[in-house]
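Descriptive structure summary
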Amino acid sequence: MKVHGLLLLDKPLGLSSNTALQKVKRLLGADKAGHGGTLDPMASGVLPLMFGEACKLAGAALTHDKAYEAEVCFGITTATDDVEGEVISRSDSRPTREALLAALPRFMGVIQQVPPVYSALKVGGKAMYRHAREGAPVAAQPREVRVDVIELLDFDGERARLRIECGSGTYIRSIARDLGAALGCGAHLSGLRRTRVGQYRVQDAVTLDALLAEGPTAAQSHLHGLLALVAGWSQAELTDEQARRFAQGQAVPWQTPTNPNADLSSSPAGPAIDAPEGQVAVLHAGRLAGLARQVPQPDGSVRLAPLRVIVPD
């Protein structure tokens, strides 16, 4: 039996996102798998895992905003800007609570941010962390990112715990590094837990230990099906002939759009993915047939051009 759908995993500390994904993939016996939004081994929290044809929805999932609880340790800078890197410098200076609160607002809104030297961004066709590991680190150009919330939850004079809500592509390690620089004492990210990806909340995720203890059959009960993932999208129901043409990569006319309110009462995570602008979920015979892009025509009509074709079992 083919496995298709999304599972919300509460990734544990100490595992890479890919290692956690492969463990669940083997447990479910899935042929194809992917994840939305990488978490470093030193981080825990919600990690959307997609299996089978759900992998074709991963691009939409990756654009979601995210929320974190981050721990920042002051007085120490590291090569990776987090707790796993080699220590570069130490300082006896520590910020006061008042200075810390005064510094946080400068990291709010649309800001310029330099990604960490050890990151997966590519420079010259090679990931930055590979350049760094080869002894030739390169600096990335500043990028525009968005931080909606940065709130101090706790501070003991050495470490601060922050709640951060931000747009996709924001590096929390860079915020920790730059906050330490702004306060004149240096800092690194000493702990990180992702609490939300889009509408996917960590409290709705299942732990890896629980999945492994339950076994393959019970683990499949945590999967959200393909139709649930596009429940909030504009949807187009195709005829048999339109479905055949769509599967062959041909655009088809869009009649009256629908946006049914799917019953997600059995799915407390509210798994639906937000539709990218101009995209439509294409249905046929009660199943998701693919994703399409709206193409306006000179006569005012709209055609649906295939973006992703979902292959039936």
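For every chain, the first residue of the written sequence is number 1, and numbering continues from 1 onward in sequence order. With pLDDT at 70 or above as the cut-off, local features in this predicted model cover only qualifying residues; side-chain atom pairs require 80 or more to be listed or tallied, and sums for whole chains, interfaces and linings still use all residues. Excluded from the side-chain calculation are hydrogens and water; included are all heavy atoms of the structure.

- Per an unreviewed UniProt entry, the protein chain goes by tRNA pseudouridine synthase B and derives from Lautropia mirabilis ATCC 51599.
- UniProt positions are given in the numbering used here, feature names are shortened, and annotations may be inferred rather than shown by experiment. The record held by UniProt for the protein chain lists under Function (unreviewed entry) the comment "Responsible for synthesis of pseudouridine from uracil-55 in the psi GC loop of transfer RNAs."
- Per UniProt, the protein chain carries the Catalytic activity (unreviewed entry) text "uridine(55) in tRNA = pseudouridine(55) in tRNA".

**Here's the deal with helix H9 (residues 240–247)**
- Here the term buried applies to any residue with accessible area under 20% of the maximum for its type, exposed to any over 50%, and partly exposed to those in between, with areas from a 1.4 Å probe on protein chains only. Each helix corresponds to a stretch of at least 4 residues labelled H or I by DSSP, and each strand to a stretch of at least 2 residues labelled E; elements are numbered beginning at the N terminus. Looking at H9, one finds that the buried residues are Gln242, Ala243 and Phe246. Projected down its long axis, H9 shows its buried positions confined to an angular sector of 100°, all on one face.
- Glycine 249 sits one or two residues past H9 and shows a positive phi near 90°. Directions are taken from the helix axis to each C-beta atom, and the arc is the one they span.

**Concerning the sheet that holds strand E18 (residues 287–296)**
- With respect to topology, 5 strands assemble into an open sheet ordered E15-E17-E18-E19-E16, the strand pairing being mixed. Among the strands making up the open sheet, the edge pair consists of strand E15 (235–237) and strand E16 (252–253).
- By the bridge criterion, 6 bridges tie strand E17 (residues 279–284) to E18 in an arrangement that is antiparallel. Considered in E18, the bridge of alanine 281 is made with leucine 291.
- Working rule for contacts: check all heavy atoms of both residues, and any pair within 4.5 Å makes them a contact. Axis definition: a line fit to C-alpha positions, over the contact stretch in the case of helices; interaxial angles, taken between N-to-C directions, run 0 to 180 degrees. Lying over the sheet, H9 contacts E15, E16, E17, E18 and strand E19 (302–309), oriented at roughly 55° with respect to E19. Strands are treated as partners if at least two bridges between them are detected by DSSP.

**Some points on the side chain of aspartate 10**
- Mapped onto the secondary structure, aspartate 10 falls in strand E1 (residues 5–11).
- Side chain to side chain, aspartate 10 and arginine 193 meet in a polar contact 2.8 Å long.
- Those residues in contact with aspartate 10 that lie beyond four places of it in its chain are Gly45, Arg193, Val202, Ala205, Val206, Thr207 and Leu208. We define a polar contact as two N or O atoms separated by no more than 3.5 Å, with the added condition that, inside protein, one atom must be a possible hydrogen donor and the other a possible acceptor, whereas residues neighbouring each other in sequence contribute only through side-chain atom pairs.

**Notes on the nonpolar core**
- Residues belong to a common nonpolar core when they are buried Ala, Val, Leu, Ile, Met, Phe, Trp, Tyr or Cys residues joined through side-chain atoms within 4.5 Å. Core analysis: the biggest nonpolar cluster contains 30 residues, and Phe74, Leu100, Leu162, Ile164, Ile172 and Leu179 have the highest contact counts within it.
- Among the elements of the structure, strand E4 (66–74), helix H3 (97–103), strand E10 (143–155), strand E11 (159–166), helix H5 (172–182) and strand E12 (187–197) are those that each provide at least two residues to this core.
- When residues of this core are assigned to their parent elements, the largest contribution, 5 residues, is made by E10.
- Segment limits for the domains were obtained from an automatic or database-derived domain assignment. Residues lining this core come from more than one domain, with at least three contributed by each of domain 1 (5–63 + 199–226) and domain 2 (66–197).
- Non-local contacts of leucine 162, meaning those with residues more than four positions away in its chain, are made with Tyr68, Glu69, Ala70, Val72, Leu104, Ile150, Glu151, Leu152, Leu153 and Leu179.
- Val46, Ala54, Tyr200 and Trp233 belong to the second largest nonpolar core, which has 22 residues in total.

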